[in-house]
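Observations on the three-dimensional arrangement
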Amino acid sequence: MFCAVVAGRAPASVVWQDDQCIAFMDLFPLNEGHVLVVPRVHAPLLNELPASLRDHLFRVACRVIAAQKAIGLHADGANLVVNDGKPANQHVPHVHVHLIPRDGGDLAAIGVRMATRFLNPFGMDARRRRLDALAARLAAAMPPA
Ligand SMILES: [Zn+2]
């Protein structure tokens with residue numbers, strides 16, 4: 001699934017890409033601005049990546065978080081989450097770092113979205129347009145490496 005995004009065979013609202021990774025909007029965001037950072041190489045588990053690549057993923061993650069703050073999302077803080085393995089709730093067996101903008105008052109809303117995030121009442125086209133627009137704003141706000 002993420003290999004298809006990496007290869008350009010599946011659509012994604014891309015925030016950042018380089019020779020090692022791609023960062024794009026989560027299709028089922030837990031909060032507005034929820035981004036995934038994904039290595040180009042296929043590996044299910046974080047431990048299967050070279051340390052230098054893990055380091056790179058988190059360097060990009062920090063820049064995305066800065067962009068999330070810069071465009072005025074509710075991003076006083078962020079959850080960086082890796083669900084590492086199926087027993088840990090990993091849905092897609094290709095390493096991905098979740099970057100979920102957080103503020104102090106969003107816990108109840110996040111709980112509701114965790115329970116309902118795969119429901120899609122508004123249709124995928126409208127969702128994609130919104131995510132593309134958000135990705136473009138984040139891309140423009142990415143600080144230099
Ligand atoms: Zn893959």
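Positions within a chain are numbered from 1, following the residues in the order the chain's sequence is written. Under the rules for a predicted model, residues below a pLDDT of 70 receive no local features and side-chain atom pairs below 80 are neither given nor counted, while totals for whole chains, interfaces and linings still include all residues. Water and hydrogen atoms play no part in the side-chain values, which are based on all heavy atoms of the structure.

**Side note on the coordination of the zinc ion**
Angles between donor atoms at a metal ideally measure 109.5 degrees for a four-coordinate tetrahedral arrangement and either 90 or 180 degrees for a six-coordinate octahedral one. Using the following cut-off: In this listing, donors mean N, O and S atoms no farther than 2.8 Å from the metal, or 3.2 Å for Na, K and Ca; water is missing from the atoms, so a site can look incomplete. By the criteria applied, helices consist of DSSP H or I runs no shorter than four residues and strands consist of E runs no shorter than two, each listed in order from the N terminus. Throughout, exposure labels follow a simple rule: accessible area from a 1.4 Å probe, protein chains only, divided by the maximum for the residue type, with under 20% read as buried, over 50% as exposed, and the rest as partly exposed.
At this site the zinc ion is bound by Cys3 (SG), His42 (ND1) and His94 (ND1), with donor distances of 2.0 to 2.3 Å. Read in sequence order, the donor residues for the zinc ion give the motif C-x38-H-x51-H. In this pair, cysteine 3 sits in helix H1 (residues 2–6) while histidine 42 sits in the loop between strand S3 (35–39) and helix H2 (51–70), placing the two residues 39 residues apart along the sequence. With a relative accessible area of 28%, cysteine 3 lands in the partly exposed category.

**Topic: the packing of aromatic side chains**
Counted only if it meets this: Centres within 6.5 Å are what make two rings of Phe, Tyr or Trp a pair, Trp counting through its six-membered ring; a difference in plane orientation under 30 degrees is then read as stacked, over 60 as edge-to-face, and the rest as tilted. In this scheme, the term charge over a ring applies when either NZ of a lysine or CZ of an arginine sits within 6 Å of the ring centre and within 35 degrees of the ring normal.
Tallied over the entire structure, the rule returns one aromatic pair. Ring geometry for phenylalanine 2 versus phenylalanine 24: centroids 5.5 Å apart, planes at 70 degrees, classification edge-to-face. Of this pair, phenylalanine 2 sits in helix H1 while phenylalanine 24 is found in strand S2 (residues 21–25), placing the two residues 22 residues apart along the sequence. Since its relative accessible area comes to 5%, phenylalanine 24 is described here as buried. Here arginine 63 stacks its cationic end above the ring of tryptophan 16, 4.2 Å away from the centre of that ring.

**A closer look at unusual backbone geometry**
Even without being a glycine, asparagine 89 presents a positive backbone phi close to 75 degrees. Mapped onto the elements, asparagine 89 comes out in the loop between strand S4 (77–81) and strand S5 (97–102).

**Focus on the sheet that holds S5**
We count it as follows: Two strands are said to pair when DSSP picks up at least two bridges between them. Axes here mean lines fitted to C-alpha atoms, for a helix over just the part in contact, with angles spanning 0 to 180 degrees between N-to-C directions. In this description, contact between two residues means that some pair of their heavy atoms is separated by no more than 4.5 Å.
Judged by pairing direction, the sheet is antiparallel, and its five strands sit side by side in the order S1-S2-S3-S5-S4 without closing on themselves. The sheet is open, and its two borders are formed by strand S1 (14–17) and S4, each paired with just one other strand. Looking at each pair of strands side by side, their axes are set apart by 15 degrees on average, direction ignored. Direction of pairing for S3 relative to S5: antiparallel, over a ladder of three bridges. Bridge assignment links valine 35 to a residue of S5, and that residue is leucine 99. Helix-sheet contacts for H2 involve S1, S2, S3, S4 and S5, and the interaxial angle to S3 is about 160 degrees.

**Some details on the pairing of S3**
Taken across its five residues, S3 has five buried, putting it largely inside the fold. Burial along S3 is two-sided: Val35, Val37 and Pro39 and Leu36 and Val38, pointing in opposite directions, are all buried. Of the pairings in the sheet, the one linking S2 to S3 comprises five bridges and is antiparallel in character. Across the sheet, residue methionine 25 finds its bridge partner in S3, namely valine 35.

**Topic: the side chain of histidine 96**
Defined as follows: In protein, a polar contact means a hydrogen-donor-capable atom and an acceptor-capable atom, both N or O and within 3.5 Å, with residues adjacent in sequence counting only if both atoms are side-chain atoms; elsewhere, any N or O pair within 3.5 Å suffices.
By the element assignment, histidine 96 lies in the loop between S4 and S5. Accessibility expressed as a relative area gives 6% for histidine 96, which makes it buried. Only 2.7 Å separates the side chain of histidine 96 from the backbone oxygen of histidine 94, close enough to count as a polar contact. Apart from residues no more than four positions distant in its own chain, histidine 96 is found in contact with Phe2, Leu36, Val37, Val38, Val81, Val82 and Gln90.

**Examining the pattern of salt bridges**
Under the convention used in this document: Salt bridge criterion: a side-chain nitrogen from Lys or Arg within 4 Å of a carboxyl oxygen from Asp or Glu.
Enumeration over the complete set of coordinates arrives at two salt bridges. Taking the shortest distance from any N to any O, the salt bridge between aspartate 106 and arginine 102 comes out at 2.9 Å. Residue aspartate 106 is classed as buried on the basis of its relative accessible area of 7%. A relative accessible area of 18% places arginine 102 in the buried class.

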